[in-house]
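Analysis of the macromolecular model
Chain by chain, the residues run as shown.
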Amino acid sequence: MKTFLHASDLGQLDLALQEAAEIKKDRYAFEHLGKHKTALLIFFNNSLRTRLSTQKAARNLGLDVVVLDVNQGAWKLETERGVIMDGDKSEHLLEAIPVMAQYCDLIGVRSFAGLTDRAADYSENVLTQFILHSGRPVFSMESATAHPLQAFADLITIEEHKRQARPKVVLTWAPHPRALPQAVPNSFAEWMRAADVDLVVTHPEGYELDPLFVGDARVEYDQRKAFENADFIYAKNWSCPGVTRPEDYGKVISKDADWTVDSEKMSLTNDAAFMHCLPVRRNVIVTDDVIESPRSLVIPEAANREISATVVMKRLLESL
Ligand code: AN0
Ligand code: CP
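Residues numbered from 1 in each chain as written. Chains lettered and ligands numbered in written order. Predicted model: local features only at pLDDT ≥ 70, side-chain atom pairs only at ≥ 80, totals over all residues. Heavy atoms only, no water.

Of note, the amide linkage connecting Leu278 to Pro279 takes the cis form, showing an omega dihedral of 5 degrees. Mapped onto the fold, Pro279 is located in the loop between β12 (273–275) and α11 (288–291). Its identity as a non-glycine residue notwithstanding, Asn229 has a phi of 65 degrees, on the positive side. (Helix = DSSP H or I, 4+ residues; strand = E, 2+ residues; numbered from the N terminus.)

What follows is the structure, given as structure tokens:
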């Protein structure tokens with residue numbers, strides 16, 4: 001595996017899940033693979049879980065790790081080719097990427113969507129430049145359209161906690177005061193479609209996800225109806241994907257507090273587990289009692305980020 005962006009990059013998901021279970025039992029089993037090798041983790045945006053879990057995963061594999069916060073201490077980077085660089089940006093990605101590649105063997109990139117130019121975001125402009133110009137295996141640590149390390153961790157968590165062979169998994173939009181990317185729901189939908197689950201997506205009209213990710217998954221606009229008999233409720237806010245109305249791309253078109261996940265709605269489910277990738281705004285996305293309930297999986301889900309990252313970097317190291 002040379003790049004990690006989509007579920008298909010891992011090949012057969014059941015084998016990847018088996019590998020994850022083995023690594024969880026003995027997370028240092030592949031410590032020899034990273035000897036005298038370095039992972040470079042580049043953050044264009046904030047992170048708590050990805051920053052910590054990916055470093056831990058790299059150490060599990062015996063890798064050295066270098067973390068770069070582009071916005072803290074590096075030169076401001078231009079990402080568009082052809083720009084006259086007489087503004088505040090001192091260096092272009094086209095030089096920075098091959099330079100950074102000199103000092104490492106693997107590269108992880110966090111670079112969120114700008115949420116103004118749909119075509120640029122959906123072409124994965126920044127991640128693609130790393131793939132083209134680094135000559136190194138590159139993995140997304142949440143890029144413009146996808147958060148595959150999160151979706152893989154979510155799948156591992158569902159596999160560990162499911163009570164039936166083919167659980168009903170509901171991806172529900174929830175309100176948020178600020179515009180957030182579509183990366184998490186995109187990847188979650190993509191990975192659930194690739195896995196053996198019954199996926200239902202629920203959101204207000206106008207929040208339709210890109211067909212590239214959501215495919216022909218069932219969409220139910222009535223959130224309460226979607227929750228009926230659910231085994232897993234996966235909450236997330238996302239901004240308008242601009243599928244039905246391109247002019248609304250990246251905007252907050254609803255803040256409807258009736259979409260907050262609360263215990264009354266959870267009571268419609270099949271005693272469903274609650275999931276969220278975190279960070280989460282309490283009493284906006286989900287009420288205190290639901291996130292604190294024994295059916296909340298948010299902490300085990302975050303713990304599995306170390307496991308998903310270990311499997312992914314193991315696969316990348318094996319490709320060197
Ligand atoms: C980001 C998002 O919604 O994509 C990161 C989630 C893992 N969330 C925020 O910016 C709050
Ligand atoms: N879930 C997740 O990716 O969290 P961070 O943004 O804190 O890394």
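What follows picks up the thread again.
A few words on the site of ligand 2. Within the structure, ligand 2 sits among Ser47, Leu48, Arg49, Thr50, Arg110, His147, Gln150, Cys277, Leu278 and Arg305. Between ligand 2 and the protein, one listed contact pairs an oxygen atom with a side-chain N or O atom of Arg305 at 3.0 Å. Here ligand 2 has 260 Å² of accessible area as a free molecule, and 94% of this is covered by the chains. Of the residues assigned to the shell around ligand 2, the class counts are three nonpolar, four polar and three charged. Counting contributing residues per domain, the shell around ligand 2 is built from domain 1 (3–146 + 305–318) and domain 2 (150–301), each supplying no fewer than three. (Near = heavy atom within 4 Å. Polar contact = N/O pair within 3.5 Å; in protein donor to acceptor, adjacent residues only side chain to side chain. Areas by Shrake-Rupley, 256 points an atom, 1.4 Å probe, with all protein chains shown as cover. Nonpolar A, V, L, I, M, F, W, Y, C, P; charged D, E, K, R; others polar. Domains from an automatic or database assignment.)

Turning next to the packing of helix α1 (residues 13–25) against helix α12 (residues 298–318). Angle between the axes and distance between the axes: these two values describe a pair of packed helices. Where α1 meets α12, the closest approach of the two axes is 9 Å, and the angle between their N-to-C directions is 115 degrees. When the axis of α1 is compared with that of α12, the two are roughly perpendicular. Here α1 and α12 pass one another in a crossing that is right-handed. The residues of α12 that touch α1, namely those facing Leu15, Ala16, Glu19, Ala20, Ile23 and Lys24, are Asn304, Ile307, Thr310, Val311, Lys314 and Arg315. (Axes fitted to C-alpha atoms, helices over the stretch in contact; angles between N-to-C directions. Parallel < 35°, antiparallel > 145°, perpendicular 65-115°, else oblique. Left-handed = near helix turned anticlockwise from the far one by under 90°. Contact = heavy atoms within 4.5 Å.)

Bringing the domain arrangement of the protein chain into the picture now. Note on interface size: it is often stated as the accessible area lost on association of the parts. Here the protein chain is partitioned into domain 1 (3–146 + 305–318) and domain 2 (150–301). Computed from C-alpha atoms alone, the centre-to-centre distance between domain 1 and domain 2 is 25 Å. Around 2300 Å² of area is buried between domain 1 and domain 2 when both sides are counted, 64% of it from carbon and sulfur atoms. Contact with domain 2 buries surface across domain 1, with Leu115, Arg118 and Tyr122 losing the most and accounting together for 28% of the total. One can count two salt bridges joining domain 1 with domain 2. The shortest N-O distance in the salt bridge between Lys24 and Glu160 comes to 2.9 Å. (Buried area = accessible area lost by both parts, 1.4 Å probe. Salt bridge = Lys/Arg side-chain N within 4 Å of Asp/Glu carboxyl O.)

The next point concerns the sheet that holds strand β8 (residues 168–173). Taken together, the five strands give an open sheet; going across it, the order is β10-β9-β8-β11-β12, and neighbouring strands pair in parallel fashion. Looking at which strands have only one partner, the edges of the open sheet turn out to be β10 (218–219) and β12. Bridging between β8 and strand β9 (residues 198–202) involves five bridges; their strand directions are parallel. Looking at the pairing, Thr172 lines up with Thr202 of β9. Relative to the sheet, helix α6 (residues 148–161) contacts β8, β11 (232–236) and β12, its axis offset from that of β11 by approximately 160 degrees. (Pairing = 2+ DSSP bridges.)

So, on to the side chain of Thr260. Among the structural elements, Thr260 can be located in the loop between β11 and α10 (263–266). A polar contact of 2.7 Å, which involves the side chain of Thr260, links it to the backbone oxygen of Val284. Excluding anything up to four places from it in sequence, Thr260 contacts Pro175, Lys265, Asn283, Val284, Ile285, Val286 and Thr287.

Moving on to the site of ligand 1. Taken together, the residues surrounding ligand 1 are Phe112, Glu142, His147, Leu180, Pro181, Lys236, Cys277 and Leu278. Glu142 places a polar side-chain atom, nitrogen or oxygen, 2.6 Å from an oxygen atom of ligand 1. Within the side chain of Lys236, one N or O atom sits 2.7 Å away from an oxygen atom of ligand 1. Contact with the protein chains removes 82% of the 330 Å² of surface that ligand 1 exposes when unbound. When grouped by side-chain class, the residues that make up the shell around ligand 1 number five nonpolar, one polar and two charged.

Let us now look at the packing of aromatic side chains. Per the counting criterion, the structure on display carries eight aromatic pairs. With centroids separated by 6.4 Å and ring planes inclined at 75 degrees, the aromatic side chains of Tyr122 and Tyr249 adopt a geometry described as edge-to-face. Of this pair, Tyr122 sits in helix α4 (residues 118–122) while Tyr249 is found in the loop between β11 and α10, placing the two residues 127 residues apart along the sequence. Residues Tyr122 and Tyr249 agree in their burial class; the two are buried. Judged by centre distance (5.5 Å) and plane angle (25 degrees), the rings of Phe152 and Trp191 are stacked. Here the residue Phe152 occupies a position in helix α6, and Trp191 occupies one in helix α7 (residues 183–194), the gap between them amounting to 39 residues. (Phe/Tyr/Trp six-rings, centres within 6.5 Å; stacked < 30°, edge-to-face > 60°. Buried < 20%, exposed > 50% of the residue type's maximum accessible area, 1.4 Å probe, protein only.)

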